[in-house]
Amino acid sequence: MEILMSKEPSYIRCIKPNDYKQAALFDEHIVRHQVKYLGLMENLRVRRAGFCYRRQFEIFLNRYKCLCPSTWPLWEGNARLGVQTLCRHIGYTDEEYKVGKSKIFIRFPKTLFDIEDRFQKKKNDLVTTITAKWRMYIQRKKYRRMRWAAVVFAAHWKRLTTQRYVRKYRAAVIVVRKFIVGFMNRKKPKCDENIYFLDFVRVNFIMRLSKSLPRGLVGLDANWPSAPVALTEASNQLREMYRLHLTRKFMRPLTPEDRAQFTLKLAASDLFKGKKQ
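No experiment lies behind these values; they were computed from the predicted model shown. (Residues numbered from 1 in each chain as written. Predicted model: local features only at pLDDT ≥ 70, side-chain atom pairs only at ≥ 80, totals over all residues. Heavy atoms only, no water.)

## Digging into the packing of aromatic side chains
Alright, step 1. All told, the structure shown has 9 aromatic pairs when counted by the stated rule.
Alright, step 2. Ring-pair connections join several aromatic residues into one group, and the members of that group are F179, F183, Y196, F197 and F200.
Alright, step 3. The aromatic ring of Y196 is capped on one face by K178, whose charged end is 5.2 Å from the ring centroid. (Phe/Tyr/Trp six-rings, centres within 6.5 Å; stacked < 30°, edge-to-face > 60°. Lys NZ or Arg CZ within 6 Å of the ring centre and 35° of its normal.)

Below, the structure written as structure tokens:
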């Protein structure tokens, strides 16, 4: 391989002299036709100038554009200008190549082999770059789907929480409205307008009464919690029931002798009530 690479190849084209496969017989029409359409005259002019390789700008640029950052990945300008930019980036001198009207001409085979070797080495970088770009595209697409799903989920969740808040707000407005209407009609007999408010007042009074009941009979009337207007009668009945309960609680542990003596004291108290000086 080292011997082959050190040599400069030459190219041979064969001309078919006739259609009969006879020696020393040249058909001028057939020979001219082959010389014309095989481009041999153009090859002769190129070979005389010493150029071993020629290629159209578009084909050459499309194959080797990855070797120059200015032409990769897409060259949007003129193909000839792109080829010149590529050759200058590689470092070719004017003696190594020439630019024609539609083709590039390379003089030395080593120059062609050098650019081909660079292209083969660049393939690994291209594969890595393309793979990275493709993975980035897949991950970005996945991220966009996840982001879209998160946005949709957040929108639905926000709508759900807003609906819950609106329902609670409406329920609160209804309750407040019932309280206001009930408070305005609290002195009226029980009706649809004040029933909700009166029920709340009853429950609130019972809860407040359960936490502040007097401990003894002394000062029961003074320490009894004040009742709303609608519950005045019920409060009086509860106070008497509670007074009876405390009395029974006080009398239960007394012996018959103590009860008789206590009865005498009560009778004396009633007898001399208002007569003390």
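## Details of the pairing of strand 3 (residues 103–106)
Alright, step 1. When strand 1 (residues 53–56) meets strand 3, the two strands line up antiparallel, connected through 4 bridges. Pairing of R55 across the sheet is with I104, part of strand 3.
Alright, step 2. By the bridge criterion, 3 bridges tie strand 2 (residues 97–99) to strand 3 in an arrangement that is antiparallel. When the bridges of strand 3 are listed, Y97 appears paired with I106. (Pairing = 2+ DSSP bridges. Helix = DSSP H or I, 4+ residues; strand = E, 2+ residues; numbered from the N terminus.)

## Topic: the packing of helix 4 (residues 57–64) against helix 6 (residues 109–184)
Alright, step 1. Running from amino to carboxyl end, helix 4 crosses helix 6 at an angle of 45°, the nearest separation of the two axes being 10 Å. Viewed along their axes, helix 4 and helix 6 adopt a mutual orientation that is oblique. Listed contacts from helix 6 to F60, R63 and Y64 of helix 4 are L112, I115, E116, F119 and Q120.
Alright, step 2. Looking at the contact of helix 4 with helix 6, its residues break down into 5 nonpolar, 1 polar and 2 charged. (Axes fitted to C-alpha atoms, helices over the stretch in contact; angles between N-to-C directions. Parallel < 35°, antiparallel > 145°, perpendicular 65-115°, else oblique. Contact = heavy atoms within 4.5 Å. Nonpolar A, V, L, I, M, F, W, Y, C, P; charged D, E, K, R; others polar.)

## Thoughts on the nonpolar core
Alright, step 1. Residues F60, Y64 and I115 are the most contacted members of the largest nonpolar core, which totals 21 residues.
Alright, step 2. Of all elements in the fold, only helix 4, helix 5 (79–90), strand 3 and helix 6 reach the threshold of two or more residues within this core.
Alright, step 3. The biggest single contributor to this core is helix 5, with 5 residues.
Alright, step 4. With residues up to four places along the chain from it excluded, the contact list for I115 reads F60, Y64, L67, I90 and Y92.
Alright, step 5. Formed by 10 residues, the second largest nonpolar core is a distinct cluster that contains L198, W224, Y242 and L246. (Core = buried A, V, L, I, M, F, W, Y, C linked by side-chain atoms within 4.5 Å. Buried < 20%, exposed > 50% of the residue type's maximum accessible area, 1.4 Å probe, protein only.)

## Describing the confidence of the model for the protein chain
Alright, step 1. Summing up the model confidence of the protein chain, the mean pLDDT is 82 and the portion of residues at 70 or higher is 94%.
Alright, step 2. In the model of the protein chain, helix 3 (residues 40–49) stands out as the element of lowest mean pLDDT, 66, in contrast to helix 6, which has the highest, 89. (pLDDT = per-residue confidence, 0-100.)

## Topic: the environment of M184
Alright, step 1. Of note, M184 is situated in helix 6.
Alright, step 2. Sequence-wise, M184 and V99 are 85 residues apart; in three dimensions their C-alpha atoms are separated by 102 Å.

## Some remarks on the sheet that holds strand 2
Alright, step 1. Ordered by their spatial adjacency, 3 strands build an open sheet running 1-3-2, and the pairing between neighbours is antiparallel. Single-partner strands in this sheet number two, and they are strand 1 and strand 2. For this sheet the average axis-to-axis angle between neighbouring strands, irrespective of direction, equals 15°.

## Topic: helix 6
Alright, step 1. Its 76 residues give helix 6 an end-to-end C-alpha distance of 109 Å, which sits within 8% of 112 Å, the value for a rise of 1.5 Å per residue.
Alright, step 2. Maximum bend of helix 6: about 30°, positioned at K122.
Alright, step 3. Burial in helix 6 covers these residues: P109, T111, L112, I115, F119, L126 and G182.
Alright, step 4. Where the residues of helix 6 are buried, they touch strand 1, helix 4, helix 5, strand 3 and helix 7 (195–211). (Expected span 1.5 Å × (residues − 1). Bend = angle between axes of the 7 residues up to and from the residue.)

## Considering the pattern of salt bridges
Alright, step 1. One pass over the structure, following the stated rule, counts 6 salt bridges.
Alright, step 2. We note a salt bridge from D19 to K16, for which the minimum N-O separation is 3.7 Å.
Alright, step 3. Taking the relative accessible area as the measure of exposure, K16 reaches 45% and is therefore partly exposed.
Alright, step 4. Close ionic contact of R32 with E28 constitutes a salt bridge, the shortest N to O distance being 2.9 Å. Linking R32 with E28, this pair stays in helix 2 (residues 28–37), spanning 4 residues, or about one helical turn.
Alright, step 5. For R32, a relative accessible area of 56% corresponds to the exposed category. (Salt bridge = Lys/Arg side-chain N within 4 Å of Asp/Glu carboxyl O.)

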